[in-house]
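One-letter residues, chain by chain:
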Amino acid sequence: MSVTDFSYTPDVEAETTPIFERVERVIPRVEWPLHGPYVAAINRLKRERNAVILAHNYQVPEIFHTVADIVGDSLALAIEAAKTDADVIVLCGVHFMAETAKLVNPGKTVLVPDLLAGCSLADSITAADVRLMRQRYPGVPVVTYVNTSAEVKAESDICVTSGNAVKIVEALGVPRVIFLPDEYLAKYVASQTQVEIIAWKGHCEVHERFSGDDLRRFRQSDPRVKILAHPECPPDVLAEADYVGSTQGMSRYVGTLAADHENEPAQPVPRVVMITECSMADNVAGQYPSVDFVRPCNLCPHMKRNTLPKILHSLQAMEYEVTVAPEIAQAARRSVDRMLELSRGA
Ligand code: 13P
Ligand code: SF4
């Protein structure tokens, strides 16, 4: 199927108005005629191709709330990718997430809307670096954040995400681990466990830009505000936060505040600030209209490469396919599978 007419016809309006209602808090009505025709075309083509769209929490609301079938953090996307019976997975996130989806679904077609959607953490380390770390610390298990290439995962003993890193490090039952490549996530894990952590110097270019001073200013302007921070942030940021967790964990935390407010509506409206990528607050705000959001904003340029027109192109042309060489895939898959097994038990 090839769609060339992207006008906002009465049919498209009728088809997409219920979808718009999910995002009207974060997308101005005047912009919807631009998105609606793509949303309608993508949703139709998804059915024809038996495709699912998996979208990370950092995708813009016009992707996250309208065409995505499954949304979540890196862990949720890996788990759901392993369960899907669709023939085609379109991964709206970054390249390592699509590789992970391919590792757990070797027989399916995994597509990304833009092959250049990378990650500064994944770029901070190579398979050769992991081999050098093993030589330097013989016998110490290598625990690797999923924000890495398949080659790096293949050299590792087990993967973790920000949502399960502490539990998995503890579940290994060893006195020390090599934890790659995010220095700040490694420091956060070290602060939560007795296990000795040997870290690498990789950083997320989005989260490293926040500072403890930023958070103190938020707190000064409203002492009631709840500050939620991602563990990829530097330690002085995490020290000021009320909650530290993965993007999914943050979303759940806001859900609890919203539920508490529903139970006690006489209390002031909860206010949160999310110290993470910009789209996160937009997406969670769409879900919890009873919560106020202060929105400091650091954009991930890689996540933002995905757009509705590129997703449509991806489904029309069945590109860009993500593949992993078989000799790498087998070892990398073992690291991901071990993580999924342990997080089921965790
Ligand atoms: P999570 O969604 O797993 O918390 O990870 C955040 C991130 O930066 C992914 O790129
Ligand atoms: Fe990578 Fe940071 Fe972007 Fe996540 S937010 S994809 S860790 S650069």
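Every value quoted in this text rests on a predicted model; they were computed, and no experiment measured them.

K.L.:
Before we go on, may I ask you to explain the overall build of the protein chain in this structure?
P.N.:
Helix and strand content of the protein chain: 15 helices and twelve strands. Its C-alpha atoms give the protein chain a radius of gyration of 21 Å, within 12% of the compact-globule value 20 Å for 346 residues. On the principal axes, the C-alpha backbone points of the protein chain span a range of 65 × 55 × 30 Å. Relative to its 346 residues, the protein chain shows a buried fraction of 55%. Surface exposure of the protein chain reaches about 14800 Å², of which carbon and sulfur atoms provide 50%. Computing the positive centroid from 34 side-chain charges and the negative centroid from 45, the protein chain places the two 3 Å apart.

K.L.:
What should I look at first to understand the pairing of strand 1 (residues 51-56) in this one?
P.N.:
Two faces, one strand: in a regular strand the side chains alternate between the faces of the sheet. With respect to burial, strand 1 is a largely interior element, six of its six residues being buried. Of the two faces of strand 1, the one lined by Ala51, Ile53 and Ala55 and the one lined by Val52, Leu54 and His56 are each fully buried. With five bridges connecting them, strand 1 and strand 3 (residues 88-92) associate as parallel partners. Its bridge partner being in strand 3, Leu54 is matched across the sheet by Leu91.

K.L.:
Sorry, what's going on with the site of ligand 1 here?
P.N.:
Neighbouring ligand 1 are 13 residues; His56, Ser74, Ser162, His230 and Thr247 lie closest to it. Within the side chain of Ser74, a nitrogen or oxygen atom sits 2.9 Å from an oxygen atom of ligand 1. Between ligand 1 and Glu232 there is a distance of 3.2 Å, counted from an oxygen atom to a side-chain nitrogen or oxygen. Judged by the proximity of its atoms to the pocket grid, ligand 1 belongs to the largest cavity.

K.L.:
Sorry if this is basic, but what is going on with the packing of helix 1 (residues 10-23) against helix 2 (residues 32-49) here?
P.N.:
When two helices pack together, their arrangement is given by the angle between the helix axes and by the axis-to-axis distance. It is at 9 Å that the axes of helix 1 and helix 2 come closest, and there the two elements cross at 105°. Considered as vectors, helix 1 and helix 2 are oriented roughly perpendicular to each other. Counting all contacts with helix 1, which are made through Val12, Glu15, Thr16, Ile19, Phe20 and Val23, the residues of helix 2 involved are Trp32, Gly36, Pro37, Val39, Ala40, Asn43 and Arg44. Per-class residue counts for the contact of helix 1 with helix 2 are eight nonpolar, three polar and two charged.

K.L.:
I tried to follow helix 1 on my own but got confused; where do I start?
P.N.:
Note on helix geometry: an α-helix contains 3.6 residues per turn, so any two residues three or four positions apart are oriented the same way. With 14 residues, helix 1 should cover 20 Å at 1.5 Å per step; its first-to-last C-alpha distance of 19 Å lies within 8% of that length. Within the sequence span of helix 1, burial applies to Val12, Thr16, Ile19, Phe20 and Val23.

K.L.:
Please clarify how the environment of Ala165 should be interpreted in this entry.
P.N.:
When you line up the elements, Ala165 lands in helix 8 (residues 165-171). Along the primary structure Ala165 and Ala14 are separated by 151 residues, whereas in three dimensions their C-alpha atoms are 45 Å apart. Other than its neighbours up to four places away in sequence, Ala165 contacts Val160, Phe179 and Val189.

K.L.:
Would you mind showing me how to read the sheet that holds strand 9 (residues 226-229) here?
P.N.:
Within a sheet, neighbouring strands are paired by backbone hydrogen bonds and run either parallel or antiparallel to one another. Pairing in this open sheet of four strands is parallel, and the strands run 10-9-11-12 from one edge to the other. Of all strands in the sheet, those with a lone pairing partner are strand 10 (243-244) and strand 12 (292-294), marking the two edges.

K.L.:
Just checking my understanding: could you explain the packing of helix 4 (residues 74-83) against helix 5 (residues 95-104) for this structure?
P.N.:
Where helix 4 meets helix 5, the axes come as close as 8 Å, and the angle between the chain directions of the two elements is 30°. By the angle between their directions, the pair helix 4 and helix 5 is classed as roughly parallel. Pair helix 4 / helix 5 crosses with right-handed handedness. On the side of helix 4, the interface is formed by Ser74, Leu77, Ala78, Ala81 and Ala82, while helix 5 contributes Met97, Thr100, Ala101 and Val104.

K.L.:
Looking at this structure, I do not really get the sheet that holds strand 5 (residues 142-145). What am I missing?
P.N.:
Ordered by their spatial adjacency, four strands build an open sheet running 6-5-7-8, and the pairing between neighbours is parallel. Each end of this open sheet is capped by a strand with a single partner; those strands are strand 6 (158-160) and strand 8 (196-199). In this sheet, neighbouring strand axes are inclined to one another by 35° on average, regardless of whether the strands run parallel or antiparallel. Taken together, the three bridges between strand 5 and strand 7 (residues 176-180) define a ladder with parallel strand orientation. Across the sheet, Val143 pairs through a bridge with Phe179, a residue of strand 7. Its contacts with the sheet place helix 6 (residues 127-136) against strand 5, strand 7 and strand 8, and it is angled at close to 160° to strand 7. Taken strand by strand, helix 9 (residues 183-192) contacts strand 5, strand 7 and strand 8, and its axis lies near 175° from that of strand 8.

K.L.:
Any chance you could explain the site of ligand 2 here in plain terms?
P.N.:
Taken together, Tyr58, Val94, Cys119, Ser120, Leu121, Asn147, Cys204, Val206, Glu232, Cys300, His302 and Met303 are the residues near ligand 2. Using a 2 Å cut-off from the grid points, one finds that ligand 2 occupies the largest cavity. For the shell around ligand 2, a count of residues per class yields eight nonpolar, three polar and one charged.

About the cut-offs
Residues numbered from 1 in each chain as written. Chains lettered and ligands numbered in written order. Predicted model: local features only at pLDDT ≥ 70, side-chain atom pairs only at ≥ 80, totals over all residues. Heavy atoms only, no water. Helix = DSSP H or I, 4+ residues; strand = E, 2+ residues; numbered from the N terminus. Rg over C-alpha atoms; globule rule 2.2 N^0.38 Å. Buried < 20%, exposed > 50% of the residue type's maximum accessible area, 1.4 Å probe, protein only. Areas by Shrake-Rupley, 256 points an atom, 1.4 Å probe, with all protein chains shown as cover. Lys, Arg positive; Asp, Glu negative; His and termini not counted. Charge placed at Lys NZ, Arg CZ, Asp CG, Glu CD. Pairing = 2+ DSSP bridges. Near = heavy atom within 4 Å. Polar contact = N/O pair within 3.5 Å; in protein donor to acceptor, adjacent residues only side chain to side chain. 1 Å grid on protein atoms, 1.4 Å probe; cavity = no way out; pocket = protein on both sides within 12 Å on 5 of 7 lines; lining within 4 Å. Sits in = over half its atoms within 2 Å of the grid points. Axes fitted to C-alpha atoms, helices over the stretch in contact; angles between N-to-C directions. Parallel < 35°, antiparallel > 145°, perpendicular 65-115°, else oblique. Contact = heavy atoms within 4.5 Å. Nonpolar A, V, L, I, M, F, W, Y, C, P; charged D, E, K, R; others polar. Expected span 1.5 Å × (residues − 1). Left-handed = near helix turned anticlockwise from the far one by under 90°.

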